[in-house]
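Below are the chains, spelled out letter by letter.
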Number of protein chains: 2
Amino acid sequence: MEMSQALAALGALAQDTRLAVFRFLVEAGPEGVTVGRIGEALDVAPATLSFHLKELSRAGLIANRQQSRFIWYSANYETMNGLIGYLTENCCKGQPEVCGIDCALQKKPTASRGKKVCA
Amino acid sequence: MEMSQALAALGALAQDTRLAVFRFLVEAGPEGVTVGRIGEALDVAPATLSFHLKELSRAGLIANRQQSRFIWYSANYETMNGLIGYLTENCCKGQPEVCGIDCALQKKPTASRGKKVCA
DNA sequence: TCCATAATTCTATATTTATGGAAATATAAA
DNA sequence: TTTATATTTCCATAAATATAGAATTATGGA
């Protein structure tokens, strides 16, 4: 992941409504949830929710598909994993003896950087 | 991790200078780096760097210790892992068959929530 | 076609955040 | 004690972001 995308993702998640929406979608699974149901579940006004969904989309953290009158939003797990990899990249210089066993998995230039948490 | 702390951490990381500082410290390891060396390495003015270090500290993402005239800042790996766990919590309802094998490790109420990436 | 519903865009206002020069504080060496 | 270095705080300005009412677009049912 590039810094600009990581920044966009972090900025998108650094807001209470958006963080709640993202976690709600992460938990909901690949099928996703309609805008109406999200707003209902989290008690957010339509215009406000739309604004935040747009922000999460722009950051690549969520995706959507239209089905009839409804728009289903779902989490983009690939971006989530990319962000985690970006944050932990080269952790402790990849010296597991320094900071813990899992660090060995965090070295930089592997095929897909960082640890994969969820496909 | 509580939402308020996750929000603070995400907000702290959602800024280019701070993200660069944090990653620099993650890579530097537990010993840390002095303010002067950070500013030099990343080319940030003292007042600006101080402002950002304060922000990262407030979020619990970094810690510091004073040694003589120097202040050494280091990454707080526990907060980093806590944040990752918070983001991936209950991923896909913990159904690995839905989104990938590692999801099984992301169920909610374990002793220390989420996956530990680096101690 | 007409109407109801789903969702987004527009707009104005309020709030938060970033920047860096100048001044202040703190530690240590001369 | 004087001086130099390390870091922070203060301050004003500039820029980005959040909120929600009202208007708009789009889809499907009557």
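The structure displayed is predicted, hence computed values, not measured ones. (Residues numbered from 1 in each chain as written. Chains lettered and ligands numbered in written order. Predicted model: local features only at pLDDT ≥ 70, side-chain atom pairs only at ≥ 80, totals over all residues. Heavy atoms only, no water.)

## What to know about the protein's contact with DNA strand D
At step 1: If you check the shell around DNA strand D, you find 20 residues, and the closest are A:Arg18, A:His52, A:Arg69, B:Gly36 and B:Tyr73.
At step 2: Each atom of DNA strand D within 4 Å of the protein was assigned to sugar, phosphate or base; sugar and phosphate come to 71%.
At step 3: Contact between DNA strand D and A:His52: a phosphate oxygen at 2.6 Å from a side-chain N or O atom of the residue.
At step 4: Elements with a contribution of two residues or more to the surface near DNA strand D: helix H4 (46–58) of chain A together with helix H3 (35–42), helix H4 (46–58) and strand E3 (70–75) of chain B.
At step 5: Classifying every residue of the surface near DNA strand D by side-chain character gives eight nonpolar, eight polar and four charged. (Near = heavy atom within 4 Å. Polar contact = N/O pair within 3.5 Å; in protein donor to acceptor, adjacent residues only side chain to side chain. Helix = DSSP H or I, 4+ residues; strand = E, 2+ residues; numbered from the N terminus. Nonpolar A, V, L, I, M, F, W, Y, C, P; charged D, E, K, R; others polar.)

## Quick look at unusual backbone geometry
At step 1: Notably, A:Asp43 is not glycine yet its phi reads approximately 60 degrees, a positive angle.
At step 2: Of note, A:Asp43 is situated in the loop between helix H3 (35–42) and H4.
At step 3: With a relative accessible area of 71%, A:Asp43 lands in the exposed category.
At step 4: Here the phi dihedral of B:Ser68 falls at roughly 55 degrees; this positive angle occurs in a residue that is not glycine.
At step 5: Examined against the element boundaries, B:Ser68 turns out to sit in the loop between strand E2 (62–67) and E3.
At step 6: Residue classification places B:Ser68 among the exposed residues on the basis of a relative accessible area of 58%. (Buried < 20%, exposed > 50% of the residue type's maximum accessible area, 1.4 Å probe, protein only.)

## A short note on the pattern of salt bridges
Where side chains of opposite charge bring their charged atoms close, a pairing between them can arise.
At step 1: The final tally for this structure, using the stated rule, is four salt bridges over all chains.
At step 2: Residue A:Arg58 pairs with A:Glu55 through a salt bridge whose shortest N-O separation is 2.8 Å. Of this pair, A:Arg58 and A:Glu55 are both found in helix H4, three residues apart, which corresponds to roughly one turn of the helix.
At step 3: When the shortest N-O distance is used, the salt bridge between B:Arg23 and A:Glu89 registers 3.4 Å. Placement of the pair is B:Arg23 in helix H2 (residues 16–28) and A:Glu89 in the loop between helix H5 (77–88) and helix H6 (96–99), with the two residues belonging to separate chains. (Salt bridge = Lys/Arg side-chain N within 4 Å of Asp/Glu carboxyl O.)

## Quick notes on the nonpolar core
At step 1: Within the largest apolar cluster, 60 residues are counted, with the highest numbers of intra-cluster contacts made by A:Leu13, A:Phe22, A:Leu61, B:Leu13, B:Phe22 and B:Leu61.
At step 2: Once residues within four sequence positions are removed from consideration, B:Phe22 is found in contact with A:Leu87, B:Leu13, B:Leu56, B:Leu61, B:Ile62, B:Ala75 and B:Met80. (Core = buried A, V, L, I, M, F, W, Y, C linked by side-chain atoms within 4.5 Å. Contact = heavy atoms within 4.5 Å.)

## Overview of the confidence of the model for chain A
It should be kept in mind that the predicted coordinates are not to be read in detail where pLDDT is low.
Residue and element names in this part refer to chain A.
At step 1: Here chain A averages 83 in pLDDT, while 78% of its residues score no lower than 70.
At step 2: Per-element mean pLDDT across chain A ranges from 53 in H6 up to 96 in strand E1 (residues 33–34).
At step 3: For the stretch residues 100–116, pLDDT sits under 50, and the model shows 37 contacts to residues farther than four places along the chain or on other chains. (pLDDT = per-residue confidence, 0-100.)

## So, the sheet that holds strand E1 (residues 33–34) of chain B
Residues and elements named next belong to chain B.
At step 1: Across the sheet, three strands lie side by side as E1-E3-E2; this open sheet has antiparallel pairing. Every interior strand has two partners, whereas the edge strands, E1 and E2, have only one.
At step 2: Strand contacts of H4: E2 and E3, with the helix running at about 120 degrees to E2, the strand carrying the most contacts. (Pairing = 2+ DSSP bridges. Axes fitted to C-alpha atoms, helices over the stretch in contact; angles between N-to-C directions.)

## Some thoughts on the pairing of E2(B)
At step 1: Where E2(B) and E3(B) come together, six bridges link them in antiparallel fashion. Bridge pairing in E3(B) links B:Arg65 to B:Trp72.

## Some words on the side chain of B:Arg18
All names here are of chain B.
At step 1: Here Arg18 is to be found in helix H2.
At step 2: At 5.0 Å, Glu55 is the nearest oppositely charged side chain to Arg18, a buried residue that forms no salt bridge.
At step 3: A distance of 2.6 Å separates the side chain of Arg18 from the backbone oxygen of Ala12, its partner in a polar contact.
At step 4: Here the side chain of Arg18 touches His52 through a polar contact of 3.0 Å, side chain to side chain.
At step 5: Not counting residues up to four positions away in its chain, the partners in contact with Arg18 are Gly11, Ala12, Phe51, His52, Glu55 and Leu56. (Lys, Arg positive; Asp, Glu negative; His and termini not counted.)

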